[in-house]
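As a plain string of letters, each chain reads:
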4 protein chains.
Amino acid sequence: MKNNLFKHFVKLRVRNFEVDWQNIVHNSIYLQYFEIGRVEYLKNIGIDVSAKEINNNSRVVVVRNEINYISPARFDESLIVQTRIKFIKNSSFGFEGIITEEKTKRLISDNISIHAWLHQKKDISKRIDDAFRRKVKLFEGKNVDFIS
Amino acid sequence: MKNNLFKHFVKLRVRNFEVDWQNIVHNSIYLQYFEIGRVEYLKNIGIDVSAKEINNNSRVVVVRNEINYISPARFDESLIVQTRIKFIKNSSFGFEGIITEEKTKRLISDNISIHAWLHQKKDISKRIDDAFRRKVKLFEGKNVDFIS
Amino acid sequence: MKNNLFKHFVKLRVRNFEVDWQNIVHNSIYLQYFEIGRVEYLKNIGIDVSAKEINNNSRVVVVRNEINYISPARFDESLIVQTRIKFIKNSSFGFEGIITEEKTKRLISDNISIHAWLHQKKDISKRIDDAFRRKVKLFEGKNVDFIS
Amino acid sequence: MKNNLFKHFVKLRVRNFEVDWQNIVHNSIYLQYFEIGRVEYLKNIGIDVSAKEINNNSRVVVVRNEINYISPARFDESLIVQTRIKFIKNSSFGFEGIITEEKTKRLISDNISIHAWLHQKKDISKRIDDAFRRKVKLFEGKNVDFIS
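Values in this document were obtained by computation on a predicted structure and should not be read as measured data.

Reading the values: the criteria
Residues numbered from 1 in each chain as written. Chains lettered and ligands numbered in written order. Predicted model: local features only at pLDDT ≥ 70, side-chain atom pairs only at ≥ 80, totals over all residues. Heavy atoms only, no water. Phe/Tyr/Trp six-rings, centres within 6.5 Å; stacked < 30°, edge-to-face > 60°. Helix = DSSP H or I, 4+ residues; strand = E, 2+ residues; numbered from the N terminus. Buried < 20%, exposed > 50% of the residue type's maximum accessible area, 1.4 Å probe, protein only. Expected span 1.5 Å × (residues − 1). Axes fitted to C-alpha atoms, helices over the stretch in contact; angles between N-to-C directions. Parallel < 35°, antiparallel > 145°, perpendicular 65-115°, else oblique. Contact = heavy atoms within 4.5 Å. Nonpolar A, V, L, I, M, F, W, Y, C, P; charged D, E, K, R; others polar. Buried area = accessible area lost by both parts, 1.4 Å probe. Salt bridge = Lys/Arg side-chain N within 4 Å of Asp/Glu carboxyl O. Polar contact = N/O pair within 3.5 Å; in protein donor to acceptor, adjacent residues only side chain to side chain. Pairing = 2+ DSSP bridges. Least-squares fit on C-alpha atoms with pLDDT ≥ 70 in both.

### Brief notes about the packing of aromatic side chains
All names here are of chain A.
Right, on to step 1. All told, the structure shown has 36 aromatic pairs over all chains when counted by the stated rule.
Right, on to step 2. Both rings, one in Trp117 and one in Phe132, keep their centres 4.9 Å apart while their planes meet at 70°; by these two values the pair is edge-to-face. In this pair, Trp117 is assigned in strand 5 (residues 107–119) and Phe132 in helix 3 (residues 130–140), connecting sequence segments 15 residues apart.
Right, on to step 3. By relative accessible area, Trp117 is classed as buried at 6%.

### Concerning helix 1 (residues 29–44) of chain D
Every α-helix winds through 3.6 residues per turn, so residues three or four apart in the chain are directed the same way.
All names here are of chain D.
Right, on to step 1. Helix length check: helix 1, at 16 residues, gives a terminal C-alpha distance of 23 Å against a target of 22 Å (1.5 Å per residue), a fit within 8%.
Right, on to step 2. In terms of residue burial, helix 1 counts as a mostly covered element, since 14 of its 16 residues are buried.
Right, on to step 3. Two residues or fewer after helix 1 comes Gly46, characterised by a positive phi angle close to 90°.

### Describing the packing of helix 1 of chain D against helix 3 (residues 130–140) of chain D
Residue and element names in this part refer to chain D.
Right, on to step 1. Relative to each other, helix 1 and helix 3 sit at 95°, their axes nearing to 10 Å. The orientation of helix 1 with respect to helix 3, classified from their angle, is roughly perpendicular. Counted together, Tyr41, Leu42 and Asn44 of helix 1 and Phe132, Val136, Phe139 and Glu140 of helix 3 form the full contact between these two elements.
Right, on to step 2. Of the residues in the contact of helix 1 with helix 3, the class split is 5 nonpolar, 1 polar and 1 charged.

### Observations concerning the interface of chain B and chain A
Right, on to step 1. Across the boundary between the two partners, chain B contributes 26 residues, which contact 26 residues of chain A.
Right, on to step 2. Roughly 2,300 Å² is buried in total at the junction of chain B and chain A, and carbon and sulfur atoms are behind 45% of that figure.
Right, on to step 3. On the chain B side of the contact with chain A, Trp21, Gln22 and Tyr69 of chain B bury the most area, a combined 23% of that side's loss.
Right, on to step 4. At the boundary of chain B with chain A, the tally comes to 2 salt bridges.
Right, on to step 5. Of the charged contacts in the structure, one is a salt bridge between Arg64 of chain A and Glu66 of chain B, with a shortest N-O distance of 3.2 Å.
Right, on to step 6. Joining chain B to chain A, the criterion identifies 16 residue pairs in polar contact (both at pLDDT 80 or more).
Right, on to step 7. Elements that contribute at least two residues to the side of chain B that touches chain A include exactly helix 1 (29–44), helix 2 (51–56) and strand 2 (58–69) of chain B.
Right, on to step 8. When grouped by side-chain class, the residues that make up the side of chain B that touches chain A number 12 nonpolar, 9 polar and 5 charged.
Right, on to step 9. By the bridge criterion, 5 bridges tie strand 2 (residues 58–69) of chain A to strand 2 of chain B in an arrangement that is antiparallel. For Asn65 of chain A, the partnering residue across the bridge sits in strand 2 of chain B and is Ile67 of chain B.

### So, the relation of the copies chain B and chain C
Right, on to step 1. For the pair chain B and chain C, the superposition axis carries a translation of 0.0 Å, the fit reaches an RMSD of 0.1 Å, and the rotation angle comes to 180°. Taken together, the rotation and translation describe the operation of a two-fold axis. When C-alpha distances to the rotation axis are compared across chain B, the minimum falls at Leu12 of chain B, with a value of 5.2 Å.
Right, on to step 2. Residue by residue, 100% of the interface of chain B is reproduced at the interface of chain C, so both copies engage with the same surface.

### A word on the pairing of strand 3 (residues 78–88) of chain A
Residue and element names in this part refer to chain A.
Right, on to step 1. Counting buried positions over the 11 residues of strand 3 gives 10, a clear majority of the element.
Right, on to step 2. Direction of pairing for strand 1 (residues 8–13) relative to strand 3: antiparallel, over a ladder of 6 bridges. Looking at strand 3, one finds that Val10 is bridged to Val81.
Right, on to step 3. The sheet contact formed by strand 3 and strand 4 (residues 92–101) spans 9 bridges and is antiparallel.

### Overview of the interface of chain B and chain C
Right, on to step 1. Contacts between the two partners involve 17 residues from chain B, matched on the other side by 18 residues from chain C.
Right, on to step 2. For the pair chain B and chain C, the summed buried surface comes to about 1,400 Å²; carbon and sulfur atoms form 57% of the total.
Right, on to step 3. A per-residue breakdown of the area chain B buries against chain C is headed by Arg15, Phe17 and Phe75 of chain B, which together make up 33% of the total.
Right, on to step 4. Applying the counting criterion to the chain B and chain C interface returns 4 salt bridges.
Right, on to step 5. Put simply, Asp76 of chain B and Lys43 of chain C hold a salt bridge, and the shortest N to O gap is 2.5 Å.
Right, on to step 6. For the side of chain B that touches chain C, the secondary-structure elements that each account for two or more residues are strand 1 (8–13) and helix 1 of chain B.
Right, on to step 7. Broken down by element, the residue count for the side of chain B that touches chain C peaks at 6 residues, all from helix 1 of chain B.
Right, on to step 8. Taken together, the residues of the side of chain B that touches chain C sort by class into 7 nonpolar, 4 polar and 6 charged.

### Some thoughts on unusual backbone geometry
Right, on to step 1. Unlike most non-glycine residues, Lys105 of chain A shows phi in positive territory, near 60°.
Right, on to step 2. Position of Lys105 of chain A relative to the elements: it lies in the loop between strand 4 and strand 5.
Right, on to step 3. With a relative accessible area of 63%, Lys105 of chain A lands in the exposed category.
Right, on to step 4. In this model, Asp76 of chain D sits at a positive phi of 75°, which is unusual for a non-glycine residue.
Right, on to step 5. Assignment of secondary structure puts Asp76 of chain D in the loop between strand 2 (58–69) and strand 3 (78–88).

### A closer look at the relation of the copies chain B and chain A
Right, on to step 1. Rotating chain B by 180° about the axis while translating it 0.0 Å along that axis superimposes it on chain A, leaving an RMSD of 0.1 Å.
Right, on to step 2. A symmetric contact is evident, with 100% of the interface residues of chain B recurring at the interface of chain A.

### Some remarks on the environment of Val10 of chain C
Residue and element names in this part refer to chain C.
Right, on to step 1. If you trace the backbone, Val10 turns up in strand 1 (residues 8–13).
Right, on to step 2. Taking the C-alpha atoms as reference, Val10 lies 6.2 Å from Gly37; in sequence the two are 27 residues apart.
Right, on to step 3. What Val10 contacts, discounting residues up to four positions off in sequence, is Ile36, Gly37, Glu40, Leu79, Ile80 and Val81.

Below is the structure:
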């Protein structure tokens, strides 16, 4: 993954209850970190991610996560979560994320997540609407692949 | 994945606080479910997974997770988590897991996790010891691939 | 608290990711354990605790928790969570819970939680309905105090 | 609780996975929020809360939590967690915390937590050491009660 493709980041501090008995952040917690990155990314490009929006209009569900744990994060470290949308297909799209530790610049973890756009009431896939596509295009420019 | 390769399972009930605002289990929680499966699997084949063992002898860390979310699990459903060790390399090994809902038989999720064996004090990989290999071999028989 | 007032229990196993860097269960996790006890208690006396029920009819929210941490629970211990409804007022009621470790019989924690019954759409308290009162009375007998 | 006794605060944003099926923050999560407040408070007055310190010198464990849920917090709200040490006894001390929502100024929750100072290896209480007392006194001034 090339760092310079990322235009969005958030900073997070590792909390003591996220650290397990090995004194490192538990492997499930990084999925929360990447999700915080994605939610802030979407807010930043003007997409409503409130429950109301999700419940009345359409649903977006995570269908796959790939995550590599490269260097363990520890209590009180400051993490930089970078997030971008990598591709948009007909009814699914992919986020890419990387986490770096601020002080030591260690690469902590990377993540690809795939998200499917569904009808509100049925588990049937739905074309990702144009407003979403436009907002991502506007923010990412040519870094995002539109596939379909 | 072929169901009939799995010789171990645990049952879990979906708890209300594991369900998010979409009324489905949050994507990070499934990693906890698969980890419960792995811990019970290891206990079952006679491997000590206590913190003491991990801290004094050697460390095992998760280096990668791949997870597919196939059908969302909901509050109070009974989940069957099946677990097996799929391969053992020199200093890493792979678990495979699948989650099925008990009543409807829906396939909920599948997971591949890769684990590295490290020296206790240093972040240097270490050959997986023979006792571990023997116990896995004894349980899995020819279903586990020993690579290298 | 007198143990013999409790007529309901569930068993839980302590999971590795519930244990913190002190090798003991994190203080926030016990609230999840007690909630599991309460949900199973309600199911057991015939009260629907599904999200649908909560969203269409009325809402029950936790308004207070008191919890004592008496002996820390550790990885892989088997916990017995005992639950009872202690009192029912006009629009609120109180649960009492205790957690004991199965093998050593250590008292782990106790909890009092207060729950308020609200109108579905407004944050206004509502009299606890008679069906709920009847079911609790039937199960608890004279051990529950009806106060109003 | 009087707001003006508090000299320390942190800001937190409510994350989507902290919200439950009622679209409000789950009751166990507030304990995490208050703990974040306490950890930042201790760091701020110069007390090391790393795992190493806890494991080599002495242990501090939570022995009681009292928490009131006053107004539910919702997704994406900005919370102000105020924290102070209210009293110090021989081998235990009490934190007080309040959470307010930044925009609406709603009081969300308040908390009293009691913490015991223990010997590193034994579950025996230990007098809180003078360095801790001095640092708290320096920060809180006459707002903290030294009891014993």
